[in-house]
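# Inside the fold
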Amino acid sequence: MAKKQELHTAVTGTRWWAEVGWRYIVGVLVVIYCIVPLLYILSVSLVPGATLTGSNELFRTISFQNYVDLFNHPDYKHWVVNSLIVSSITAIGTVLMGAAAAYAFSRFRFKGRRGTLTFLLLVQMFPQMLAFVALFLLLLGIQEVFPGLGLNSHFGLIAVYLGGALGSNTFLLYGFFNSVPRELDEAAEIDGATHAQTFWTIIMPLVLPVLAVVSLLSFISSFGDFVIAKVVLQTPDKFTLAVGMYQWAADDRIAPWGLFAAGAVVAAVPVILLFQYLQRYIVSGLTAGAVKG
């Protein structure tokens, strides 16, 4: 009996490792892979006059001088404000445009509806940064007619972001809108509600989780974008945070890596706060749209 019990325990343990245990190992490795770079950046930000080669020992020195110098820097605050303005307007515009388009595709029946949806999805297969030459020439031409939407303009950059994100967000919102029962629209129509009233007072509150997800993804992508922002923005007073901090690291021989790391840590704070605020919507917003499409 004892041998049978030991054999059963061994078989059970082997089966547990084969089915479940290896997942814990993979999870721990992934966590280590993700946390080590973050700890390294945080450690470098706490070392005055840090260099990349001389900061391999984590937290060997703890000083907040880099953060003091960061907030005393004349341009860093402007870069943060510019990034917050661009990212916030982009997130709001993406939600409004995507929701309006998704509502039309979900509730209305018109010729070319499925073809247009497929076209929007296919367009998103090509990264927006591949078109930066065309975007530069387009904004250069627009600048002669509407300077506010041309090069070196925040509104021009926002317009580029809105156009690039419209297709994928519309397709994501379309699946979520299809999960909302059409009987609600019919009941509102019987009560005399217009399409606008149905959209704003009934549909939008019900799809709030996916709107939070879309706004969060849009905010993060535009807040951390470098390539498109570098092409559009030309002068330091217009730079966003990613473009401005790039100027510090352009020459790696004299780059203030401690200041750069401190700026990167501070730049992560708005994203973390927004994620924490919208966290309750994240799971339901990402999964509910997959129920019906």
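Residues numbered from 1 in each chain as written. Predicted model: local features only at pLDDT ≥ 70, side-chain atom pairs only at ≥ 80, totals over all residues. Heavy atoms only, no water.

As annotated in an unreviewed UniProt entry, the protein chain is Sugar ABC transporter permease from Schaalia canis. Reading the Subcellular location (unreviewed entry) entry of the UniProt record for the protein chain gives the comment "Cell membrane". UniProt's Sequence similarities (unreviewed entry) comment on the protein chain is quoted here verbatim: "Belongs to the binding-protein-dependent transport system permease family. MalFG subfamily." (UniProt positions renumbered as here; feature names shortened; annotations may be inferred.)

## As for the overall build of the protein chain
Within the protein chain, the regular secondary structure consists of 12 helices and 0 strands. For the protein chain, the succession of helices and strands along the chain, N to C, is α-α-α-α-α-α-α-α-α-α-α-α. Partitioning the contacts of the protein chain with sequence separation of at least 6, the portion at a separation of at least 24 is 69%. If you sum the accessible surface of the protein chain, you get close to 17,500 Å²; carbon and sulfur atoms cover 71% of it. (Helix = DSSP H or I, 4+ residues; strand = E, 2+ residues; numbered from the N terminus. Contact = heavy atoms within 4.5 Å. Areas by Shrake-Rupley, 256 points an atom, 1.4 Å probe, with all protein chains shown as cover.)

## So, the confidence of the model for the protein chain
In this model, the protein chain carries an average pLDDT of 82, and 89% of its residues clear a pLDDT of 70 or more. The secondary structure element of the protein chain with the lowest average pLDDT is helix H1 (residues 2-45), at 77, and the one with the highest is helix H3 (residues 76-107), at 91. In the model, residues 289-293 has pLDDT below 50 throughout and makes 6 contacts with residues more than four positions away in sequence or in other chains. (pLDDT = per-residue confidence, 0-100.)

## Some details on the nonpolar core
One recurring pattern in soluble globular proteins is that nonpolar side chains are buried together. Counting 32 residues, the largest nonpolar core has Leu-70, Tyr-76, Leu-157, Ile-228, Leu-241 and Trp-248 as its most contacted members. At the level of elements, helix H2 (65-72), H3, helix H5 (132-143), helix H6 (154-178), helix H9 (208-223), helix H10 (227-232), helix H11 (241-249) and helix H12 (257-287) are the ones that each hand at least two residues to this core. Beyond its immediate stretch of four places on either side in the chain, Leu-157 contacts Val-86, Ile-228, Ala-229, Val-232, Leu-233 and Thr-240. (Core = buried A, V, L, I, M, F, W, Y, C linked by side-chain atoms within 4.5 Å. Buried < 20%, exposed > 50% of the residue type's maximum accessible area, 1.4 Å probe, protein only.)

## A short note on the environment of Ser-45
Tracing the backbone shows Ser-45 in helix H1. In the structure, Ser-45 is positioned 212 residues away from Trp-257 in sequence and 7.8 Å away in space, judged by C-alpha atoms. Leaving out residues up to four positions away in the same chain, Ser-45 has contacts with Ser-63, Asn-66, Tyr-67, Gly-258, Ala-261, Ala-262 and Val-265. Within the local environment of Ser-45, its side chain forms a polar contact with the backbone oxygen of Leu-42, the two atoms lying 2.6 Å apart. Only 2.8 Å separates the side chain of Ser-45 from the side chain of Tyr-67, close enough to count as a polar contact. (Polar contact = N/O pair within 3.5 Å; in protein donor to acceptor, adjacent residues only side chain to side chain.)

## Considerations on a nonpolar patch on the surface
There is a patch of nonpolar side chains on the surface, built from Trp-16, Trp-17, Tyr-24, Ile-25, Val-28, Leu-29, Ile-32 and Val-36 and spanning about 840 Å² of accessible area. Mapping Tyr-24 onto the fold places it in helix H1. (Patch = residues over 30% accessible without salt bridge, like charges linked within 9 Å, V, L, I, M, F, W, Y side chains within 5 Å. Salt bridge = Lys/Arg side-chain N within 4 Å of Asp/Glu carboxyl O.)

## With respect to unusual backbone geometry
Positive phi, close to 60°, is recorded for Asn-152, a residue that is not glycine. Checked against the element boundaries, Asn-152 lands in the loop between H5 and H6.

## With respect to the UniProt feature "transmembrane region" (unreviewed entry) in the protein chain
With numbering matched to this structure, UniProt assigns "transmembrane region" (unreviewed entry) to residues 21-42, 79-105, 117-142, 154-177, 198-220 and 254-275. As annotated, residues 117-142 has a helix share of 69% and a strand share of 0%, and its two end C-alpha atoms lie 28 Å apart. Segment residues 198-220 splits into 96% helix and 0% strand. End C-alpha atoms: 30 Å apart.

## Quick look at helix H8 (residues 195-206)
Owing to its 3.6 residues per turn, the α-helix brings residues three or four apart onto one side. Helix length check: H8, at 12 residues, gives a terminal C-alpha distance of 15 Å against a target of 16 Å (1.5 Å per residue), a fit within 8%. Buried within H8 we find Thr-198, Phe-199, Ile-203 and Met-204. Buried residues of H8, viewed axially, fall in a sector of 140°; they line one side. Within H8, the exposed residues directed more than 90 degrees away from the buried face are Trp-200 and Thr-201. (Expected span 1.5 Å × (residues − 1). Arc of directions from axis to C-beta.)

## A few points about the side chain of Asp-225
The topology assignment puts Asp-225 in the loop between H9 and H10. This buried residue, Asp-225, is left without a salt bridge; Lys-230 holds the nearest opposite charge, at 12 Å. Engagement of the side chain of Asp-225 in a polar contact is seen with the side chain of Tyr-161, the distance being 2.6 Å. (Lys, Arg positive; Asp, Glu negative; His and termini not counted.)

## Focus: the pattern of salt bridges
A full pass over the atoms with the stated rule returns 1 salt bridge. The salt bridge partner of Arg-107 is Asp-185, with a shortest N-O separation of 2.8 Å. Of the two residues, Arg-107 sits in helix H3 while Asp-185 sits in helix H7 (residues 182-190), which places them 78 residues apart along the sequence. When its relative accessible area of 12% is taken as the criterion, Asp-185 is described as buried.

## Topic: the side chain of Ser-222
Along the chain, Ser-222 falls in helix H9. Setting aside residues no more than four positions away along its own chain, Ser-222 makes contact with Ser-87, Thr-90 and Tyr-161.

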